[in-house]
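Commentary on secondary and tertiary structure
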Amino acid sequence: MATKTEMFDLVVLGAGPAGENVADVAHARGLTLFASDARPYFPTHYASDLYSIERHLVGGECSYYACIPSKALLRAGAALRAAQRVDGAKQAVAVSGVDVVGVLRRRDYMTSGGDDKGQVGWLKGAGIELFRGVGKLAGPKKVEVLAQDGSTLTLEAKHAVCISTGTVPLIPPIPGLEQAGYWTNREATSTGTVPKSLLILGGGVVACEMATAYASFGCRCTVLVRGMGLLERMEPFAGEGVGKGLKELGVDVRFAVDTTRVDRVEGEVVAQTSKGEFRAEEILVATGRKPATADLGLPSVSVGLGPGGYIPVDDTLLVSAPTNEAEPWLYALGDVNGRALLTHMGKYQGRQAGEAIAARARGRALGPLGKAEAWGRYTATADEGAVPQIVYTDPEVASVGLTAAEAEKRGRKIRVVDYALGSVAGSYLLADGYAGHARWVVDRDRQVILGATLVGQDVGELVHAATVMVVGEVAVARLWHAVPSFPGMGEVWLRLLEGLGRGDE
Ligand SMILES: Cc1cc2nc3c(=O)[nH]c(=O)nc-3n(C[C@H](O)[C@H](O)[C@H](O)COP(=O)(O)OP(=O)(O)OC[C@H]3O[C@@H](n4cnc5c(N)ncnc54)[C@H](O)[C@@H]3O)c2cc1C
Ligand SMILES: NC(=O)c1ccc[n+]([C@@H]2O[C@H](COP(=O)([O-])OP(=O)(O)OC[C@H]3O[C@@H](n4cnc5c(N)ncnc54)[C@H](O)[C@@H]3O)[C@@H](O)[C@H]2O)c1
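Residues numbered from 1 in each chain as written. Chains lettered and ligands numbered in written order. Predicted model: local features only at pLDDT ≥ 70, side-chain atom pairs only at ≥ 80, totals over all residues. Heavy atoms only, no water.

The test is simple: UniProt positions are given in the numbering used here, feature names are shortened, and annotations may be inferred rather than shown by experiment.
The chain is annotated in an unreviewed UniProt entry as Putative oxidoreductase of Calocera cornea HHB12733. Checking UniProt for the chain, the heading Sequence similarities (unreviewed entry) contains the comment "Belongs to the class-I pyridine nucleotide-disulfide oxidoreductase family."

Take a look at the structure:
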C-alpha cells in the first residue's frame, strides 16, 4: 500500500468540536499575519497550513451522537409540556404525547442524517486538509495515519500537534453485558425505532436526559442508579428536582442498585441487581466516559497518563511531559484531557490553544518570564471553577462555578443564598404552578459569586448571566446596579441579592 510523507504547520488529531476550533483559530491567526505583515506567517512551501485527521465524522461525537441529536430528541417533549402548563394553550395541544416519527425526522435533519459533508466543506473552505483515517503519534512532531484502504501517510508538524480525540463510553465489567448487547449514547441518539421499555444504567447527565426523552416517547424507562442521588456532581437539589420530574414523567428511578448480571432472554434484557430483577426491551449503558487514548502512540513521545487515563495538560493545553520542555509542540484539548467534558469547554480550549500555538510559532513569549497569565489570551482558566452547564431535563438544571460543597472543599469561606424560583413574576407567568430553585454560593471574604445553580423550566438561558458574574468576579455591591427586566426570570438575581442583604451602612 502507498506510503507518503508530508509536512504541515499544525496537525490536529480528531475533528470534533475541540479539534475544529483549534484549527480554525490557528488558521485565522496565520491569515491575519499574512495580510498585515505582507509576508507569510506560516511558510508557503508547505502544502497547507493545517492538517486534520478524523477516523469517523467531522464534527465529532457532539454533532452526531451527543449534544445535537440528544437535544433534538428532547425538544418536542419540552415544547409540548411547556404548552400543557399554560391555561389557554393546553387546550390547543394534543395530550397523547409527542409524535415520535416527527421527532426522529427533526433529529435526522439536525444531524444531516449522519452525513458530515457540510462540516467537511467548512474545513476545506477554511484551507484545512482532511484525511480520514486513524492517526497516532510516531515520535516528536510526527503523526502516522492509517486509511481504510490500508494506505498510510506520515505527517510532520513544523510547529504543533493537537490531540483532540475525545472520549468513548466507559462500560462496566458486568457479567453477561457484552453477550447480551447494549446501547450506548450512539444507539440512543441515532436510533430509528423506540423500544417499548428501556433500562438505563447510571445516574449522570446522559441517563437523566435520555430518560426524559424516551419517557416523552411513551417508552417505559427504569433508571438503575448505583449511588444515592442523580447528577451527583451538582448541588443536591438539582438531582432531587430532576428525580421528581422523572417520576412525574412516569420514569422508575431506583437508587443504591448494584447490577450484578445482564442477560438477553428471548429478546428481552434481564438485569439481576441487588434490588431484584429488571426487564426491558433494551438497556442503555450511561455510566460515564473514558478518554480515547488507546493506540495513540503516546509512549513514542513518553507521555504518561493522569488520573482516569486522561492526558495531563497545563493551562495553555500543552501536554505535561518532558517532550515539551525543550520546544513546546504537543497539545491535548477537549474531553481527552478530562478538564471539563463539555462541547463548549472543548471549543474554548481550542480557541485558547489556537492562540498559544500561533504565538509560540511566531516566537512570542506568552507572558512575563514566558508564563501565560491566568484569564489571558492563551490560557483556559475558566476550566478551573467557571464551567457552565445546562442539563436539558424537565426541570432543566443550569449551573456555573463551584457548588457549596466544592467551595468548602477548597477552603473558601462562603455564604449560601437560596430562592424559590416560582416566586419570580417571570416564572409564574411562564408556566402555571411553576416550581424551581436558585442558589448562589458567595465568597464571604471577596464578596463575589463563586457559583450559581438554577433548577426549573427554561432556566438554561439564565446561566450565561451567572457565568459573566463568576468569570468577571463582579462585586456583589455592583450587581445591585444590574437591573433585571420585568417581568423576566432574571429577577431571580435581584431576589438572591435581597436574600444576601446589603449589610449596614
Ligand atoms: C449523549 C451525550 C450528550 C451530550 N450533550 C452535551 C451537551 O448538550 N452539551 C455539551 O456541552 N456537551 C454534551 N456532551 C459532551 C460532548 O459531546 C463532548 O464534551 C464533546 O463531544 C467533546 O468534544 P471533543 O472534540 O473533545 O471530542 P469528540 O466530540 O469526541 O471528537 C473527537 C473526534 O476524534 C476522532 N478520533 C478519535 N480518535 C482518533 C484517531 N486516533 N484518529 C483520528 N480521529 C480520531 C473521533 O472520531 C471524533 O470525531 C454530551 C455527551 C453525550 C455522550
Ligand atoms: N447537557 C449536557 O451538558 C450534557 C449532556 C450529556 C452528557 N454531558 C457530559 O458528558 C459526560 C458523560 O456523561 P455521563 O452521564 O455518561 O457520565 P457521568 O459521569 O455524568 O455519569 C455517570 C454515572 O454513571 C454512574 N456509574 C458509574 N459506574 C457505574 C456502574 N458500574 N454501575 C452503575 N452506575 C455507574 C455514576 O455514578 C454516574 O451517576 C459528562 O461529563 C457530562 O457532563 C453533558
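1. Observations concerning helix 11 (residues 343–361)
To keep it simple, the criterion reads: Runs of E in the DSSP output that reach at least two residues are strands. Runs of H or I that reach at least four are helices, and both are numbered from the N terminus. A helix is expected to span 1.5 Å multiplied by its residue count minus one.
Counted at 1.5 Å a residue, the expected span for helix 11 with its 19 residues is 27 Å, and the 26 Å between its end C-alpha atoms agrees. Positive phi shows up at Gly363, right after helix 11, with a value of about 80°.

2. Observations regarding the domain arrangement of the chain
This is how the line gets drawn: Where each domain starts and ends comes from a domain assignment, either automatic or drawn from a database. Here, two residues are considered to be in contact whenever any of their heavy atoms come within 4.5 Å of each other. The quantity reported as buried area is the accessible area (1.4 Å probe) lost by two parts once they are put together, taken as the sum for both. Salt bridges, as used here, are contacts in which a Lys or Arg side-chain nitrogen is within 4 Å of a carboxyl oxygen on Asp or Glu. The definition of a polar contact used here is a pair of N or O atoms within 3.5 Å, where within protein one atom must be able to donate a hydrogen and the other to accept one, and adjacent residues in sequence count solely through side-chain atom pairs. Under the scheme applied, nonpolar residues are Ala, Val, Leu, Ile, Met, Phe, Trp, Tyr, Cys and Pro; charged residues are Asp, Glu, Lys and Arg; polar residues are all the others, including Gly.
According to the domain assignment, the chain contains domain 1 (3–59 + 116–168 + 291–384), domain 2 (177–288) and domain 3 (395–500). Relative placement of domain 2 and domain 3: their C-alpha centres are 31 Å apart. Listed as interface residues are nine residues of domain 2 and, on the opposing side, twelve residues of domain 3. Around 790 Å² of area is buried between domain 2 and domain 3 when both sides are counted, 73% of it from carbon and sulfur atoms. In terms of surface lost to domain 3, no three residues of domain 2 exceed Met234, Glu235 and Phe237, which account for 67% of the buried area on that side. On the surface where domain 2 and domain 3 come into contact, there are one salt bridge. Note that Arg439 is salt-bridged to Glu235, the shortest N-O span being 3.0 Å. For the interface between domain 2 and domain 3, the tally reads two residue pairs in polar contact (both at pLDDT 80 or more). Here the residues of the side of domain 2 that touches domain 3 sort into five nonpolar, two polar and two charged.

3. Some words on the sheet that holds strand 18 (residues 396–401)
For the record, the criterion: Pairing between strands is defined by DSSP: at least two bridges between the two strands are required. Note on geometry: axes are lines fitted to C-alpha atoms, helical ones only across the stretch in contact, with angles between N-to-C directions running from 0 to 180 degrees.
Read from one edge of the open sheet, five strands run 17-18-21-20-19, paired in antiparallel fashion. At either end of the open sheet lies a strand with only one pairing partner, and these are strand 17 (388–391) and strand 19 (414–420). Averaged over all adjacent pairs, the angle separating strand axes in this sheet is 10°, with direction ignored. Summarising the sheet, strand 20 (residues 437–443) and strand 21 (residues 448–456) pair through seven bridges and their orientation is antiparallel. In the sheet register, Trp440 faces strand 21, and the bridge partner there is Ala452. Those strands touched by helix 14 (residues 463–472) are strand 17, strand 18, strand 20 and strand 21, and its axis lies near 10° from that of strand 18.

4. So, the site of ligand 2
Selection rule: Only a single heavy atom is needed: when it lies within 4 Å of a molecule or strand, its residue is near that molecule or strand. Note that accessible areas follow from Shrake-Rupley with a 1.4 Å probe, and for residues the cover is restricted to the protein chains shown.
Near ligand 2, the surroundings consist of 19 residues, among which Val206, Glu209, Arg233, Gln389 and Ile390 are the closest. In the environment of ligand 2, an oxygen atom lies 3.2 Å from a nitrogen or oxygen atom belonging to the backbone of Val205. In this structure, an oxygen atom belonging to ligand 2 sits 3.0 Å away from a side-chain N or O atom of Arg233. For ligand 2, whose accessible area on its own is 840 Å², the fraction buried by protein is 78%. Put simply, the parts of the chain that give the shell around ligand 2 at least two residues each are helix 8 (205–216) and strand 17. Counting residues per element, the shell around ligand 2 draws most heavily on helix 8, which supplies three residues.

5. Some thoughts on the site of ligand 1
The local shell around ligand 1 holds 34 residues, among which Glu54, Lys71, Gly135, Asp335 and Thr343 are the closest. In this structure, Glu54 approaches ligand 1 through a side-chain N or O atom, which is 2.5 Å from an oxygen atom. Between ligand 1 and Thr343 there is a distance of 2.9 Å, counted from an oxygen atom to a backbone nitrogen or oxygen. Within the complex, the protein chains bury 92% of what would otherwise be the 1000 Å² of accessible surface of ligand 1. For the shell around ligand 1, the secondary-structure elements that each account for two or more residues are helix 1 (17–37), strand 2 (50–54), helix 2 (60–65), helix 3 (67–84), strand 4 (134–137) and helix 11. Residue composition of the shell around ligand 1, by class: 13 nonpolar, 15 polar and six charged.

6. Details of the packing of helix 3 against helix 8
Selection rule: Small angles under 35 degrees read as roughly parallel and large ones over 145 as roughly antiparallel, with 65 to 115 read as roughly perpendicular and the rest as oblique. Two helices crossing with the near one rotated counterclockwise from the far one by less than a right angle form a left-handed crossing, whereas a clockwise rotation gives a right-handed crossing.
Where helix 3 contacts helix 8, the axes come no closer than 9 Å and their chain directions differ by 60°. With respect to their mutual orientation, helix 3 and helix 8 come out oblique. Regarding helix 3 and helix 8, the two cross each other, and that crossing is left-handed. Judged by residue contacts, Ser70, Lys71, Leu73, Leu74, Gly77 and Arg81 of helix 3 engage Glu209, Met210, Thr212, Ala213 and Ser216 from helix 8. Class assignment of the residues belonging to the contact of helix 3 with helix 8 gives a composition of four nonpolar, four polar and three charged.

7. Digging into the side chain of Thr316
Here is the rule: Think of it in three bands: with a 1.4 Å probe and only protein chains considered, a residue is buried below 20% of the maximum accessible area for its type, exposed above 50%, and partly exposed in between.
Along the polypeptide, Thr316 turns up in the loop between strand 15 (289–291) and helix 10 (323–326). The class of Thr316 is buried, set by a relative accessible area of 4%. In this view, Thr316 contacts Tyr331, Ala353, Ala356, Arg360, Leu366, Ala372, Tyr378 and Thr379; residues no more than four positions away in its chain are not counted.

8. Focus on the pattern of salt bridges
Overall, the coordinates contain 26 salt bridges when judged by the stated rule. The residue Lys71 makes a salt bridge to Glu209 at a minimum N-O spacing of 2.6 Å. With Lys71 in helix 3 and Glu209 in helix 8, this pair connects stretches of sequence that are 138 residues apart. Residue classification places Lys71 among the partly exposed positions, given a relative accessible area of 25%. A salt bridge links Arg264 to Glu282; the shortest N-O distance between them is 3.1 Å. Residue Arg264 is located in strand 11 (residues 259–265), and its partner Glu282 is located in strand 14 (residues 282–285); the two are separated by 18 residues in the primary sequence. Owing to a relative accessible area of 31%, Arg264 belongs among the partly exposed residues under this scheme. The structure contains a network of salt bridges with shared partners spanning Arg29, Glu355 and Arg377.

9. Remarks on helix 16 (residues 491–500)
Within an α-helix, residues lying three or four positions from one another point in the same direction, as the helix has 3.6 residues per turn. When we look at burial in helix 16, the residues that qualify are Glu491, Val492, Trp493, Leu496, Leu497 and Leu500. Where helix 16 is buried, its residues contact strand 19, helix 13 (425–430), strand 20, strand 21, helix 14 and helix 15 (476–479). Following helix 16 by one or two positions, Gly501 has its phi on the positive side, about 80°.

10. Notes on the UniProt feature "binding site: NAD(+)" (unreviewed entry) in the chain
Sequence positions flagged by UniProt for "binding site: NAD(+)" (unreviewed entry) are, in local numbering, Gly202, Gly203, Gly204, Val205, Val206, Ala207, Cys208, Glu209 and Gly288. With the annotated positions falling across 87 residues, the maximum pairwise C-alpha distance of 13.5 Å places them together in a single cluster. You can see Gly204 is positioned in the loop between strand 8 (197–201) and helix 8. Take Gly288: it is sitting in the loop between strand 14 and strand 15. With a relative accessible area of 36%, Gly288 lands in the partly exposed category. Setting aside anything within four residues of it in sequence, one finds Gly288 in contact with Pro169 and Leu170.

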